[in-house]
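# Understanding the architecture of this molecule
Listed below are the residues making up each chain.
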Amino acid sequence: MPAPVPPPPSPTPTQTPSDVAENAPAGEINPAEESAPETTVSGAAHRLRITLLMAGSCLPILGAVLIAPVLPQMRDHFAGTPGVDALVPMALTIPALSLALLAPFAGVVVDRLGRRRLLVVATVLYALFGTAPLWLDSLGAIVASRALVGVVEAAIMTCCTTLIGDHYSGRQRDRYLALQTMCASVSATAFFALGGAAGSAGWRTPFWAYAVSLLLAPAMAAALRGPRPSEPTTPLEATAPASSVGTAPAGATRRAFPWRPLAGTCALTVFGALLFYTVQVELSFLLDDMGVTDPGMIGLASAVSSAAVVAGAVTFAKSGRGPESWLPFVFGLCAAGFAVIWFAPNPVVLTVGAVINCLGGGIMLPSLLTLAMSRLDYADRGRGTGLWTGSFFIGQFVCPLVVLALASAVGGLTNAMGVLAAMGAAGAVGLALSAHRRRARSASAAPIPRPTA
């Protein structure tokens, strides 16, 4: 559980729950969120809704990995194009960059236009832009279409995560945010295999998979609604009519946007994404440096480490512990994984280090997202979710660049893992000290019981 905090003051007749939240100490979980009654949502409509939201959350993962197996074929096809060696890899990575840069702006649009409307439009555009390379003959035009894929991915990811925060609360919301991480890890492996199988029929064939979003869009339009008054909400949301999608309830007092605590969470997310993605990006190169060149063995090691991410997300969902109590431990776990990789004498030990690191990453990601969501009210949840999503994908995008710079500075990729181990350990110590200070502050602020006569 998170560090204990003194009970929030009860709202006076002139003080709304949002005012209580606004006066909460920076860096602590929204007291209004803590005090809101938790209700478990169930039923057929709930099952359809969460299925659609998880499917929508997988679409950006589809864009990130689907065409990776066919990049050599694309390079051969456009061999005569100037700059082909830079443009072909960019076709894979530019959606993540667009998503990272535009997710915060997508969050603003989500809060102003509504979650469902933007999600449905973005899902349709995802199919349009995603399948464009089937008909485009210019490599530059294909890269531009991939950038547009990233734009709509920013809207899709922000809307799906925001809707999870709208409809669920407490432990149930924590479980579904962890489920997002699980779905992303499993779907990444599945989409990579799908891209490789479809690529045997030609480099353009995998792009047909983007048309699957056309099946999701009408289902989302029909099944997704704004949270009803009976559904779990924060106190600010509780008076929202069923028709209010993406807007704050009329007459509700809106607190200032929590820039300071959310900025710290987003900065930590960039660092966490760097620690999380390094092993996934560099594992094949680390194994190759040890003489493992068989694609089957490399694929097996990658699959085992991906399974550890899923195990970490399940651990977070089942534990019942709050995110702030997890974070020092999981940053330390990631650091321990890097240290094992650094000292690994053989590929088996190296794979064990990757599993340790990915287990920590599987707990870390839902912890960071849950921490960010706990600081947001309904009216600014889209903007806050967009900022967190952008931070996460910035960390993903800069990960290989940071590792390349470290490897150049310390004399190799293996030594770079040692530097990352030290960075992760420093982060764990800093988080532990911060948690200790919060507990001390909470203890000093707690009322001292008066002795009885």
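These figures come from a predicted structure and were not determined experimentally.

In this section: the overall build of the protein. Looking only at helices and strands, the protein features 15 helices and zero strands. Nonlocal contacts in the protein, meaning residues at least 24 apart in sequence, comprise 83% of its contacts between residues at least 6 apart. Entry remark: accessible area of the protein is about 18,800 Å², with carbon and sulfur atoms responsible for 69%.

This brings us to the side chain of T162. The topology assignment puts T162 in helix α7 (residues 139-167). Of note is the side chain of T162, whose polar atom sits 3.5 Å from the side chain of T385. In this view, T162 contacts V110, R115, R381, G382 and T385; residues no more than four positions away in its chain are not counted.

Turning our eyes to something else, we now look at the side chain of R146. Relative to the assigned elements, R146 resides in helix α7. It is E153 that comes nearest to the buried, bridge-free R146 among opposite-charge side chains, at 6.2 Å. Setting aside its immediate chain neighbours within four residues, R146 contacts G63, I67, A91, L92, I94, P95, F207 and Y210.

Right, let's get into the confidence of the model for the protein. Interpretation of this model should avoid reading the predicted coordinates in detail wherever pLDDT is low. Across the protein, the average pLDDT comes to 79, with 81% of residues at 70 or higher. Within the model, pLDDT remains below 50 along residues 1-36, and this stretch shows 69 contacts once partners closer than five positions in the same chain are excluded. pLDDT under 50 marks residues 228-252. Its contacts with residues more than four places away, or in other chains, come to 58 contacts.

A side chain of one charge can pair with a side chain of the opposite charge when the charged atoms of the two come close. This model, assessed by the stated rule, comprises three salt bridges. A salt bridge links R115 to D166; the shortest N-O distance between them is 2.6 Å. Taken together, the positions of R115 in helix α6 (residues 115-130) and D166 in helix α7 put the pair 51 residues apart, joining distant regions of the chain. Relative accessible area serves as the criterion here: at 1%, D166 is assigned to the buried category. As a salt-bridge pair, R171 and D174 come within 3.3 Å of each other at their nearest N and O atoms. Here D174 and R171 lie together in helix α8 (residues 170-199), a separation of three residues that amounts to about one turn. Of the residues examined, R171 reaches a relative accessible area of 30% and is grouped as partly exposed. Exposure remark for D174: the relative accessible area of 9% places this residue in the buried category.

This part takes up the environment of Y378. Assignment of secondary structure puts Y378 in the loop between α13 (347-373) and α14 (381-410). The spatial distance from the C-alpha of Y378 to the C-alpha of G165 is 8.3 Å, given a sequence separation of 213 residues.

Our focus in this paragraph is the nonpolar core. Ranked by internal contacts, the top residues of the largest apolar core, which has 116 residues, are M74, L119, Y126, I164, L327, F331 and M417. Setting aside chain neighbours within four positions, we find M74 in contact with V88, A91, L139, I142 and W203.

Within a pair of aromatic rings, the relevant descriptors are the distance that separates the centres and the angle that separates the planes. Evaluation of the coordinates by the stated rule reveals 13 aromatic pairs. Taken together, a centroid distance of 5.3 Å and an interplanar angle of 50° make the contact between Y126 and Y210 tilted. A residue pair is termed long-range when its members are at least 10 positions apart, and Y126 in helix α6 and Y210 in the loop between α8 and α9 (213-223) qualify at 84 residues. The same class applies to Y126 as to Y210, namely buried. Taking the centre distance of 5.6 Å and the plane angle of 5° together, the rings of W388 and F392 count as stacked. One end of the pair, W388, and the other, F392, are both in helix α14, four residues apart, so they sit about a helical turn from each other. Overall, W388 belongs to the buried group, its relative accessible area being 8%. Positioned over the ring face of W326 is R321, at 4.1 Å from the centre of the ring.

What follows is about a nonpolar patch on the surface. Taken together, the side chains of L101, L102, F105, L148 and V151 define a hydrophobic patch exposed on the protein surface, amounting to about 440 Å² of accessible area. Looking at the nonpolar patch, the elements with two or more residues in it are α5 (84-113) and α7. Among the elements that make up the nonpolar patch, the one with the highest residue count is α5 (three residues). Summarising the element assignment, L148 is placed in helix α7.

To continue, consider the environment of A311. With respect to the helices and strands, A311 occurs in helix α11 (residues 295-319). Residues A311 and M182, 129 residues apart in the sequence, show an inter-C-alpha distance of 8.2 Å.

What follows covers the packing of α13 against α14. For the pair α13 and α14, interaxial distance at closest approach is 10 Å and the crossing angle is 150°. It follows from the interaxial angle that α13 and α14 lie roughly antiparallel. Crossing angle aside, the handedness with which α13 passes α14 is right-handed. Contacts between α13 and α14 involve L365, L368, L369, A372 and M373 from the first element and R381, T385, W388 and F392 from the second. Looking at the contact of α13 with α14, its residues break down into seven nonpolar, one polar and one charged.

Residue F392 is classed as buried on the basis of its relative accessible area, which comes to 9%. Residues F392 and A273, spaced 119 residues apart in sequence, show a C-alpha to C-alpha distance of 5.8 Å. Once residues lying within four places of it in the same chain are set aside, the contact partners of F392 are T269, A273, Y277 and L365.

What counts and what doesn't
- Residues numbered from 1 in each chain as written.
- Predicted model: local features only at pLDDT ≥ 70, side-chain atom pairs only at ≥ 80, totals over all residues.
- Heavy atoms only, no water.
- Helix = DSSP H or I, 4+ residues; strand = E, 2+ residues; numbered from the N terminus.
- Contact = heavy atoms within 4.5 Å.
- Areas by Shrake-Rupley, 256 points an atom, 1.4 Å probe, with all protein chains shown as cover.
- Polar contact = N/O pair within 3.5 Å; in protein donor to acceptor, adjacent residues only side chain to side chain.
- Buried < 20%, exposed > 50% of the residue type's maximum accessible area, 1.4 Å probe, protein only.
- Lys, Arg positive; Asp, Glu negative; His and termini not counted.
- Salt bridge = Lys/Arg side-chain N within 4 Å of Asp/Glu carboxyl O.
- pLDDT = per-residue confidence, 0-100.
- Core = buried A, V, L, I, M, F, W, Y, C linked by side-chain atoms within 4.5 Å.
- Phe/Tyr/Trp six-rings, centres within 6.5 Å; stacked < 30°, edge-to-face > 60°.
- Lys NZ or Arg CZ within 6 Å of the ring centre and 35° of its normal.
- Patch = residues over 30% accessible without salt bridge, like charges linked within 9 Å, V, L, I, M, F, W, Y side chains within 5 Å.
- Axes fitted to C-alpha atoms, helices over the stretch in contact; angles between N-to-C directions.
- Parallel < 35°, antiparallel > 145°, perpendicular 65-115°, else oblique.
- Left-handed = near helix turned anticlockwise from the far one by under 90°.
- Nonpolar A, V, L, I, M, F, W, Y, C, P; charged D, E, K, R; others polar.

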